[in-house]
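The chain contents come next:
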Amino acid sequence: MTDPYASAGVDTEAGDRAVELMKAAVSRTHGPGVLGGVGGFAGLFDLSAAGAYAQPLLATSTDGVGTKIALARAIDKHDTIGQDLVGMVVDDIVVVGAKPLFMTDYIACGRVVPERIADIVRGIAEACEATGTALVGGETAEHPGVMEPDDYDVAGAAVGIVEADAVLGAERVGEGDVVVAMASSGLHSNGFSLVRHVLAERRIALTDRVDELGGVAAEVLLEPTRLYTLPLLGMLEQGLGIRAISHVTGGGIAANLARVLPQRLAVEIDRQGWQVPAVFDALAQLGDFPLTDAEGTWNLGLGMLVVVDEADAAGVVAASEAAGIPASTIGRVEAAPADATGWVQGAKGVDGGAVRLTGSYR
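The structure contained in this document is the topic of the report that follows. What you see is a predicted model, and the numbers here were worked out from it, not measured in a lab.

Calculation rules
- Residues numbered from 1 in each chain as written.
- Predicted model: local features only at pLDDT ≥ 70, side-chain atom pairs only at ≥ 80, totals over all residues.
- Heavy atoms only, no water.
- Phe/Tyr/Trp six-rings, centres within 6.5 Å; stacked < 30°, edge-to-face > 60°.
- Helix = DSSP H or I, 4+ residues; strand = E, 2+ residues; numbered from the N terminus.
- Buried < 20%, exposed > 50% of the residue type's maximum accessible area, 1.4 Å probe, protein only.
- Salt bridge = Lys/Arg side-chain N within 4 Å of Asp/Glu carboxyl O.

Applying the stated criterion to the full structure yields four aromatic pairs. Here the aromatic rings of Phe 45 and Phe 102 are separated by 5.4 Å at their centres, their planes lie at 40°, and the arrangement is tilted. Of this pair, Phe 45 sits in strand β2 (residues 44-45) while Phe 102 sits in strand β4 (residues 99-109); the two residues are 57 residues apart in sequence, bridging distant segments of the chain. What makes Phe 102 partly exposed here is its relative accessible area of 21%. Ring centres 6.1 Å apart and planes at 50° place the aromatic pair Phe 280 and Trp 298 in the tilted group. Residue Phe 280 is located in helix α10 (residues 278-287), and its partner Trp 298 is located in the loop between α10 and β12 (302-308); the two are separated by 18 residues in the primary sequence. Note on accessibility: Phe 280 and Trp 298 belong to one class, buried. Grouped by ring-pair contacts, the aromatic residues Phe 280, Phe 289 and Trp 298 constitute a single cluster.

Moving on, we get to the pattern of salt bridges. Under the definition given, this model contains eleven salt bridges. The partner of Lys 77 in a salt bridge is Asp 79, with the nearest N and O atoms 3.0 Å apart. Under the relative-accessibility criterion, Asp 79 is labelled partly exposed at 38%. A salt bridge links Arg 111 to Asp 150, with the shortest nitrogen-to-oxygen separation between them at 2.8 Å. Separated by 39 residues along the polypeptide, Arg 111 in the loop between β4 and α5 (114-131) and Asp 150 in the loop between β5 (134-142) and β6 (152-163) bring together distant segments of the chain.

Take a look at the structure:
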């Protein structure tokens, strides 16, 4: 008998095969809090497994990986996009001091290719495992006629938990605190529309070897997003005086830091405070613009900004570097200037503090 759904372009058997291929990787993320296995209509998590809290607050975040997917498709490499997704979602939860509990994912595609879907989900599961997050559910949706056969997009959402009196944020920040920068692994998952524009203007295909980048463009630029959750949770468990944390994603360094500062305070960031990775220099040269023009788009080598009591700044740097993440102090919290012309003030709907970058890059 002919399956009318298959004639419409939807292969339910391929979806089932994809689930079988990803099942082992997903199951490895399940701890005592996860009830049930893979394939249920809804994931269940026992909150009592999170431990005792006086006033527990749930933190949640959702995101995708943007047009970085175009690079994965160009070279048919899909096993790192999942880490990018977890980095964008779970690392947004830890900035408020929350411990991640569980995550769900959603993959929309033109055609289910089981091995490709399994690669994507395996990457998500491995990154969830590396951040202490249970992958409790997900969905793969085939959209023939709406998406091209090899098109896909990924998104996810996660939930974490934090004690009410331990929430990090602008209200904890004061004059004299310092900003410690934790290095990025590269572009992470922001600003790839600009990357692709730069390459297109130079008539460089994603599959071309680019001497300035030191390899095939897509291979170099697919460097996965660094994961910061466990190192940051470790710093909090040590009792280091962390006031606020900023995840440097879309909008760049200044705008994201401004979001976690109170309006009355400001930070000047010294561009000499860190070494910008070569990939950013190469892209700026290919695009024929200075790095300062990309400050509102790329992270330029900084993945997380930790606002901390000056007395504990060295401890944050040491803990970060012990986790294999280069770190340095790049600024101090001061009173906001009377005239904030040239400063970035707040971002993304937040009436935050003021930030500006000064000096020149090394």
